[in-house]
Amino acid sequence: MKAPPSLPDQHSFSSRLRSAAVSARVGTALAVCFGLAFLTGLVSHYAQNPSQPVPFPTSPAWGYRFTQGLHVISGTAAVPLLLVKLWTVYPLLLARPSLRLRRLVVELAEKLSILLLVGAALFLLVTGLQNISHWYPWAFSFRSTHYAMAWIAIGALVLHVAVKLPLVRHALTHDVDDTELDRPGATRPGPLSRRGLLRATWLATGAVVLATAGSTVPLLRRVSVLAVRSGEGPQGVPINKTAEDAGVTDAARDPGWRLEVVNDTRSVSLTRDDLLALPQRTEELPIACVEGWSASGTWSGVRLRDLLDLVEAPRDAEVVLTSLQESGPFRVTLLQSGFVDDDRTLVAPGLSGEELDLDHGYPARLIAPNRPGVLQTKWLARVEVRT
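Peer 1: It is not clear to me how the overall build of the chain should be interpreted in this structure. Could you clarify?
Peer 2: Helix and strand counts for the chain come out as 10 helices and 10 strands. Considering only C-alpha atoms, the chain reaches an extent of 85 × 45 × 45 Å along its principal axes. Burial statistics for the chain: of 387 residues in total, 49% are counted as buried. By sequence separation, contacts in the chain at least 24 residues apart represent 69% of the contacts at least 6 residues apart. Total accessible area on the chain stands at roughly 19400 Å², and carbon and sulfur atoms take up 62% of it.

Put into structure tokens, the structure is as follows:
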């Protein structure tokens, strides 16, 4: 009777490519990508918080565009790096546990860190890619869940690095073909050399970045075939949500539309013609979204500060902006005082020298420097000083 096949263990994998020398180098690049994605993710999360103990800066105007582009680019670059990293270390996960207590504790800490890191990383990368594609097959809040999982991932990464630091240091300070840290059974040559595998990994990572970075880097848009936004859209600026999707088409086109500007008991009600009759300014400002895409536009409109002066609003005041949308998480947003008093912050009825397109927020929208795109309120209905 034929014996059943035995379960694989670490000795079942004999390729020399599955080595600490390769894993340490790929892991270092992966840690850099994760670190960049984590830090830029914190920036984005903080920028969207209504409460900001330290005011989010309004300059440079392109700051959020840069950090969010870097966030998505570094996260995308982590995909091939993570796959190669998992391939190189997979045999170690099948090793039998040590019988010595001290060594067993280290092994358990290492495997726990790997389990948490891999699970959190896969969750972040998969849901992040779904987010930039606007596909949400879940019921939870993407922003809060992504934020929580990012802390789990970075904590697991720190634990993993702490456990593996001596091995990583040895691997990085020795030649990539050094065999001192190889598993005893890893003796079979692979189809590539170790240097060849690393070059292929860097090439794949670079190709993924080039194929997607055009969403935020205009010079790369011709080669970024996987970019979720090409830079095209009404008046040369892409959109995420149309007026039809927001359910505001009729309300936005209503000749009776008014913009209410309110400060306690003082208020003014402005038609679109009233807005256009006020002193107009033109600003070149980017729209930058959490999905990583961005584009610059030439916006024309009235300084928000000038509108607030009509109702004698004090300096350093915060304002609440309300959209014509009847629902949605960003129907009502808070604009902090730094943005309110910045001369570049406009209530804009125009874009690119033309009447604002309906899908860009006609009859008027907010545009402010260095502010997340989801908070650049479209289809404005009310501006109220927060008391």
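So much for the structure itself; the text now carries on.
Peer 1: Is there a simple way to explain a nonpolar patch on the surface in this structure?
Peer 2: A contiguous nonpolar surface patch, about 360 Å² in accessible area, is contributed by Leu-112, Leu-115, Leu-116 and Ile-152. Broken down by element, the residue count for the nonpolar patch peaks at 3 residues, all from helix α3 (residues 101–132). Here Ile-152 is to be found in helix α4 (residues 142–172).

Peer 1: What exactly am I supposed to notice about unusual backbone geometry here?
Peer 2: Among all residues except glycine, the phi angle is most often negative; among peptide bonds, the trans geometry is most common. Pro-60 follows Ser-59 through a cis peptide bond whose omega is -5 degrees. The residue after Tyr-362, namely Pro-363, is reached through a cis peptide bond having omega 15 degrees. Mapped onto the secondary structure, Pro-363 falls in the loop between β8 (354–355) and β9 (365–367). Its identity is not glycine, yet Ser-352 carries a phi of approximately 55 degrees, on the positive side. Relative to the helices and strands, Ser-352 resides in the loop between β7 (346–351) and β8.

Peer 1: Teacher, can you tell me more about the pattern of salt bridges here?
Peer 2: Pairing of side chains with opposite charge becomes possible as their charged atoms draw close. With the rule as written, the count across this model stands at 14 salt bridges. What you see here is one network of salt bridges that share partners, running through Arg-305, Asp-309, Arg-315 and Asp-341.

Peer 1: How do you make sense of the packing of helix α1 (residues 20–47) against helix α2 (residues 63–89) when you look at a structure like this?
Peer 2: Packed helix pairs are characterised by how far apart their axes lie and by the angle those axes make with each other. As a packed pair, α1 and α2 sit with axes 7 Å apart at the nearest point and diverge in direction by 150 degrees. By the angle between their axes, α1 is roughly antiparallel relative to α2. Crossing geometry of α1 relative to α2 is assigned as left-handed. For the contact of α1 with α2, the residue count by class is 18 nonpolar, 11 polar and 1 charged.

Peer 1: When you look at the pairing of strand β4 (residues 294–303) in this model, what are you seeing that I'm missing?
Peer 2: Side chains on a regular strand alternate between the two faces of the sheet. Within β4, 7 of the 10 residues are buried, leaving the element largely enclosed by the surrounding structure. With 8 bridges joining them, strand β3 (residues 281–288) and β4 adopt antiparallel strand pairing. The partner of Ile-287 across the bridge, within β4, is Ala-295. Linking β3 back to β4 in an antiparallel pair, the connection comprises 5 residues, with Gly-292 at a positive phi of about 100 degrees.

Peer 1: Can you help me understand the pairing of strand β2 (residues 266–270) in this one?
Peer 2: When strand β1 (residues 259–263) meets β2, the two strands line up antiparallel, connected through 5 bridges. Along β2, the bridge assignment pairs Leu-259 with Leu-270. Hairpin connection, β1 to β2: the antiparallel pair is bridged by 2 residues, and Asp-264 has positive phi, about 60 degrees.

Peer 1: Would you mind showing me how to read α2 here?
Peer 2: Along an α-helix, residues three or four positions apart point the same way, because every turn accommodates 3.6 residues. The terminal C-alpha atoms of α2, which comprises 27 residues, lie 38 Å apart, in line with the 39 Å expected from a rise of 1.5 Å per residue. Counting buried residues along α2, 20 of its 27 residues qualify, which places the element largely inside the surrounding structure.

Peer 1: I'm lost on the nonpolar core in this one. Help?
Peer 2: Generally speaking, soluble globular proteins have nonpolar side chains that are buried together. Core analysis: the biggest nonpolar cluster contains 38 residues, and Leu-259, Leu-275, Leu-304, Leu-308, Val-319, Leu-335 and Val-347 have the highest contact counts within it. Only α6 (243–246), β1, α9 (304–309), β5 (319–323), α10 (337–340) and β10 (380–385) provide two or more residues apiece to this core. With 4 residues, the top contributor of residues to this core is β10. Formed by 27 residues, the second largest nonpolar core is a distinct cluster that contains Ala-21, Ala-77, Val-84 and Ala-121.

Peer 1: Just to check I follow, could you spell out the sheet that holds strand β6 (residues 332–335) for this structure?
Peer 2: Strands in a sheet are paired, the pairing made by backbone hydrogen bonds, and the direction either parallel or antiparallel. Pairing is mixed in the open sheet, where 5 strands are placed in the order β2-β1-β10-β5-β6. Where the open sheet ends on each side, the last strands, each with one partner, are β2 and β6. Strand-to-strand, the axes of this sheet are offset by a mean angle of 15 degrees, without reference to chain direction.

Definitions and limits used
- Residues numbered from 1 in each chain as written.
- Predicted model: local features only at pLDDT ≥ 70, side-chain atom pairs only at ≥ 80, totals over all residues.
- Heavy atoms only, no water.
- Helix = DSSP H or I, 4+ residues; strand = E, 2+ residues; numbered from the N terminus.
- Buried < 20%, exposed > 50% of the residue type's maximum accessible area, 1.4 Å probe, protein only.
- Contact = heavy atoms within 4.5 Å.
- Areas by Shrake-Rupley, 256 points an atom, 1.4 Å probe, with all protein chains shown as cover.
- Patch = residues over 30% accessible without salt bridge, like charges linked within 9 Å, V, L, I, M, F, W, Y side chains within 5 Å.
- Salt bridge = Lys/Arg side-chain N within 4 Å of Asp/Glu carboxyl O.
- Axes fitted to C-alpha atoms, helices over the stretch in contact; angles between N-to-C directions.
- Parallel < 35°, antiparallel > 145°, perpendicular 65-115°, else oblique.
- Left-handed = near helix turned anticlockwise from the far one by under 90°.
- Nonpolar A, V, L, I, M, F, W, Y, C, P; charged D, E, K, R; others polar.
- Pairing = 2+ DSSP bridges.
- Expected span 1.5 Å × (residues − 1).
- Core = buried A, V, L, I, M, F, W, Y, C linked by side-chain atoms within 4.5 Å.

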